[in-house]
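Descriptive structure summary
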Amino acid sequence: MQELCLLCWAILLGLGQACPEPCDCGEKYGFQIADCAYRDLEAVPPGFPANVTTLSLSANRLPGLPGGAFEEVPLLQSLWLAHNEIRTVAAGALATLGQLKSLDLSHNLISDFAWSDLHNLSALQLLKMDSNELAFIPQDAFRSLRALRSLQLNHNRLHTLTEGTFTPLTALSHLQINDNPFDCTCGIVWLKTWALATAVSIPEQDNIACTSPHVLKGTPLSRLPPLPCSAPSVQLTYQPSQDGAELRAGFVLALHCDVDGQPAPQLHWHIQTPGGTVEIASPNVGADGRAPPGAPTTRGRPRFQAFANGSLLIPDFGKLEEGTYSCLATNELGSAESSVNVALATPGEGGEDALGRRFHGKAVEGKGCYTVDNEVQPSGPEDNVVIIYLSRAGSPEAAVTAAGVSGQQPPGLFLLGQSLFLLFLASF
């Protein structure tokens, strides 16, 4: 009913509107057509009848499409914009065209495209974006295009495509992606597998080829040799330390994230503390624990020091640093994460106080534990609870060396501080 009212309104309004001066408007084969092709236009002209269903702006000099460019023509079913000079399609330029079935943006210079506008174009059946400067397509770009039958992305600058990009296109029968400079690394292997198995027609498959790496340049994707690829895996490793050394002020906590995967994953730390969330791209310090010039520091050092070998050092560990420490690894094939909850025991809750008196264990984030002869016993067979002692040691620099930050061996988990309190780590 709503669509019928919109149609009636558009027809009545359209009867009373003239065609923009540079264009020709009329009815042909039952369609209301506005022909503005080859008019040397540098902008979308205003004043279209609201009942226009086909609009051609091909072969002009349009430099871009601003938001709301086609608000006057909500019933548009076909829009032809090929052979212009369009570089940018702004958000909202196409979003109002909910009845659009055919969209031709080929042979332009588009590098900046509002992919979210496509989410409103659920009626779209033909999308031509070939011969542009597109270098990236979001994974969810086509999520609403279940009626799309033909998609042309050939002759762009696409280096890769995210796995699942074409999954929503359940009606797709024709796809052109040839003549793109594909980087044939692990992230593109899925496309080879999908292209060989799909029923979608994909012409010119010999021209869907690698541009890099150099050893694979010119190799058709269909003949890409097996690559040594694996998704990331991570593990937070640690071991108690009770080494004696001169006692220094403050606590130092060292964590280590063992990361595996091919290609080598990017490492990232996500830390949730009472004061908020901290995100750290590793590394953020050099091998000496010092941050680059201009980076925020406390007493000349970052609050959290992430090293290149996967170690994370927290000098002056205290109540404000309690929380969840997560190590995330990401490569072209996916991501993996491992986390620990870290909490300091206080006198009366577990371990020994500063005078050496015994006290009972406490639960950490739902992980029950108790102390027996300086060991923590899990309260259930699936709980992974580890006791870590505050050990006597030297300066933070000594802790870095002890933790293996500057060496080759994966470090364990160490604490240095003033009191022999217990630190509980509940892994999950």
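Structural notes, computed from the coordinates. (Residues numbered from 1 in each chain as written. Predicted model: local features only at pLDDT ≥ 70, side-chain atom pairs only at ≥ 80, totals over all residues. Heavy atoms only, no water.)

**Here we look at the overall build of the chain**
Formally: Helix numbers and strand numbers start at the N terminus; a helix is a DSSP run of H or I with at least 4 residues, a strand a run of E with at least 2. Buried residues are those whose accessible area, probed at 1.4 Å on protein chains only, stays under 20% of the maximum for their type, while exposed residues exceed 50% and partly exposed ones sit between those limits. The contact criterion used throughout is that any non-hydrogen atoms of two residues lie within 4.5 Å. Here, Shrake-Rupley sampling with a 1.4 Å probe gives the accessible areas, and only protein chains in the shown set may cover a residue.
Per the secondary structure count, the chain includes three helices and 28 strands. The 428 residues of the chain split such that 47% are buried. Contacts in the chain between residues far apart in sequence, at least 24 positions, make up 57% of those at least 6 positions apart. Carbon and sulfur atoms make up 52% of the accessible area of the chain, which totals about 20700 Å².

**Notes on the sheet that holds strand β5 (residues 78–80)**
The line we're drawing: Criterion used throughout: strands pair if DSSP finds at least two bridges between them. Throughout, an axis means a line fitted to C-alpha atoms (over the contacting stretch in the case of helices), and angles, computed between N-to-C directions, take values from 0 to 180 degrees.
Pairing is mixed in the open sheet, where eight strands are placed in the order β1-β2-β3-β5-β7-β9-β10-β11. For this open sheet the edge positions go to β1 (24–28) and β11 (174–176), each flanked by a neighbour on one side alone. Within this sheet the neighbouring strands show an average axis-to-axis angle of 10 degrees, counted without direction. Across three bridges, the pairing between strand β9 (residues 126–128) and strand β10 (residues 150–152) is parallel. By the bridge assignment for β10, L126 is matched with S150.

**Thoughts on the side chain of K192**
Keep this limit in mind: Neither His nor the chain ends is counted toward charge; the positive residues are Lys and Arg and the negative residues Asp and Glu. Salt bridge, as used here, is a side-chain nitrogen of Lys or Arg placed within 4 Å of a carboxyl oxygen of Asp or Glu. Distance and chemistry together define a polar contact, namely a pair of N or O atoms within 3.5 Å, with one atom able to donate a hydrogen and the other to accept it when in protein, and with adjacent residues in sequence counting only for side-chain atoms on both sides.
Within the secondary structure, K192 sits in helix α2 (residues 189–197). Buried charge without a salt bridge: K192, with D206 as the nearest opposite-charge side chain at an N-O distance of 12 Å. Within the local environment of K192, its side chain forms a polar contact with the backbone oxygen of L224, the two atoms lying 2.5 Å apart. Dropping the residues within four chain positions of it, K192 is found in contact with L221, S222 and L224.

**Details of the environment of P228**
Relative to the helices and strands, P228 resides in the loop between β13 (210–212) and β14 (230–237). Taking the C-alpha atoms as reference, P228 lies 7.8 Å from C186; in sequence the two are 42 residues apart. Non-local contacts of P228, meaning those with residues more than four positions away in its chain, are made with C186 and Q262.

**Topic: the pattern of salt bridges**
If you walk through the whole model with that rule in mind, you get eight salt bridges. For D104, the salt bridge is made with K128, and the minimal N-O distance between the two is 3.9 Å. One end of the pair, D104, is in strand β7 (residues 102–104); the other, K128, is in strand β9, and 24 residues separate them in sequence. Look at D104 and you get buried, because its relative accessible area is 8%. R223 serves as the salt-bridge partner of D206, at 3.5 Å between the closest nitrogen and oxygen. One end of the pair, D206, is in the loop between α2 and β13; the other, R223, is in the loop between β13 and β14, and 17 residues separate them in sequence. Residue classification places R223 among the exposed residues on the basis of a relative accessible area of 53%. In the salt-bridge network here, residues are joined through shared partners; they are D40, E42 and R61.

**Topic: the pairing of strand β17 (residues 276–281)**
Examined bridge by bridge, strand β16 (residues 266–273) and β17 share six bridges and lie antiparallel to one another. Bridge pairing links W269 to I280 in β17.

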